[in-house]
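Geometric and topological summary
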Amino acid sequence: MFQLRAATDADLPSMVEVIRAAFAEYEDRLDPPSSAQRRTVESTRQELANGSAVVATVEQNLAGCVLYFPKADHMYFARLAVLPAYRGYGIGRSLIAAVEERARDAGLQWVELSVRLQLVELRAAYERLGYRALRYGTHAGYSAPTYVTLYKPLVIDPPFED
């Protein structure tokens with residue numbers, strides 16, 4: 001039903017639309033507000049100067065995307081977005097699996113993402129995929145944590161040597 005591929009510069013306008021549409025439902029739930037609605041093609045292009053993205057297409061139409069950023073020992077992903085009409089078909093899980101595969105191919109040890117504390121249903125979905133809390137963070141100007149960084153180990157050291 002859907003295909004995954006590396007994003008290209010030509011995908012940026014559609015990616016911005018998908019991110020805005022996918023995050024619109026959280027507008028009234030998040031404090032501080034999400035930056036998704038302020039996202040532009042140029043800001044996304046600048047962000048991707050330090051990373052890459054994978055897109056999901058359905059009949060040549062962009063249905064989802066995820067941005068990812070390699071670090072020294074792990075991969076960080078952000079802005080996982082699937083249009084509401086395409087949810088429930090495994091697109092989000094497949095996009096995450098694609099990021100995890102790229103991390104393994106790069107020899108990285110784990111994958112991280114951050115999720116707002118108010119979005120308990122999203123955190124639970126990531127935890128079902130094997131992610132667990134690593135640390136809590138606080139947006140500037142707030143005195144209590146506003147998000148949690150989750151991680152999933154990709155490399156498990158053997159308990160013994162041969």
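Report follows, based on the coordinates. (Residues numbered from 1 in each chain as written. Predicted model: local features only at pLDDT ≥ 70, side-chain atom pairs only at ≥ 80, totals over all residues. Heavy atoms only, no water.)

**Observations regarding the nonpolar core**
Nonpolar side chains in soluble globular proteins tend to end up buried together. We apply this condition: Within this scheme, the nonpolar core is defined by two criteria: the residues are buried Ala, Val, Leu, Ile, Met, Phe, Trp, Tyr or Cys, and they are joined through side-chain atoms within 4.5 Å. Each residue is placed in one exposure class: buried if its accessible area under a 1.4 Å probe, protein chains only, is under 20% of its type's maximum, exposed if it is over 50%, and partly exposed if it falls in between. Going along the chain from the N terminus, every DSSP run of H or I of four or more residues is numbered as a helix, and every run of E of two or more is numbered as a strand. We call two residues in contact whenever any of their non-hydrogen atoms come within 4.5 Å of each other.
Within the largest apolar cluster, 46 residues are counted, with the highest numbers of intra-cluster contacts made by M15, F77, I91, L95, V111, Y126 and Y131. Of all the secondary-structure elements, those providing two or more residues to this core are α1 (12–23), β2 (52–58), β3 (61–70), β4 (74–82), α3 (91–105), β5 (110–116) and β7 (147–153). Among the elements that line this core, the one with the most residues is β3, at 7 residues. Those residues in contact with I91 that sit more than four places away from it in its chain are F2, A56, V58, A63, V82 and Y86.

**Quick notes on the pattern of salt bridges**
Side chains that differ in sign of charge can pair as their charged atoms come close. Our working rule: What counts as a salt bridge is simple: a side-chain nitrogen of Lys or Arg found within 4 Å of a carboxyl oxygen of Asp or Glu.
Counted under the stated rule, the structure contains 9 salt bridges. With a closest N to O distance of 2.4 Å, E25 and R87 form a salt bridge. Taken together, the residues span a long stretch of sequence, with E25 in the loop between α1 and α2 (41–47) and R87 in the loop between β4 and α3 at a distance of 62 residues. Here E25 falls in the partly exposed class, since its relative accessible area comes to 43%. R87 sits in the partly exposed class, given a relative accessible area of 33%.

**Points about the side chain of T57**
Here T57 is to be found in strand β2. When residues no more than four places from it in sequence are discounted, the contact partners of T57 are M1, F2, Q3, R5, L62 and A63.

**Quick notes on the packing of aromatic side chains**
For clarity, the cut-off: Ring pairs are drawn from Phe, Tyr and Trp, using the six-membered ring of Trp, whenever the two centres fall within 6.5 Å, and their geometry is named by plane angle: stacked under 30 degrees, edge-to-face over 60, tilted for the rest. Sitting over a ring, as applied to charges here, requires NZ of Lys or CZ of Arg to be within 6 Å of the ring centre and within 35 degrees of the ring normal.
Counted by the stated rule, this structure contains 4 aromatic pairs. Plain terms: the ring middles of Y126 and Y131 are 6.3 Å apart, the flat faces sit at 70° to each other, and that makes the pair edge-to-face. Y131 matches Y126 in its accessibility class, with the two residues each being buried. Linked through ring pairs, F77, Y126 and Y131 together constitute an aromatic cluster. Here the guanidinium or amino end of R79 rests over the ring plane of F23, the centre of that ring lying 4.9 Å away.

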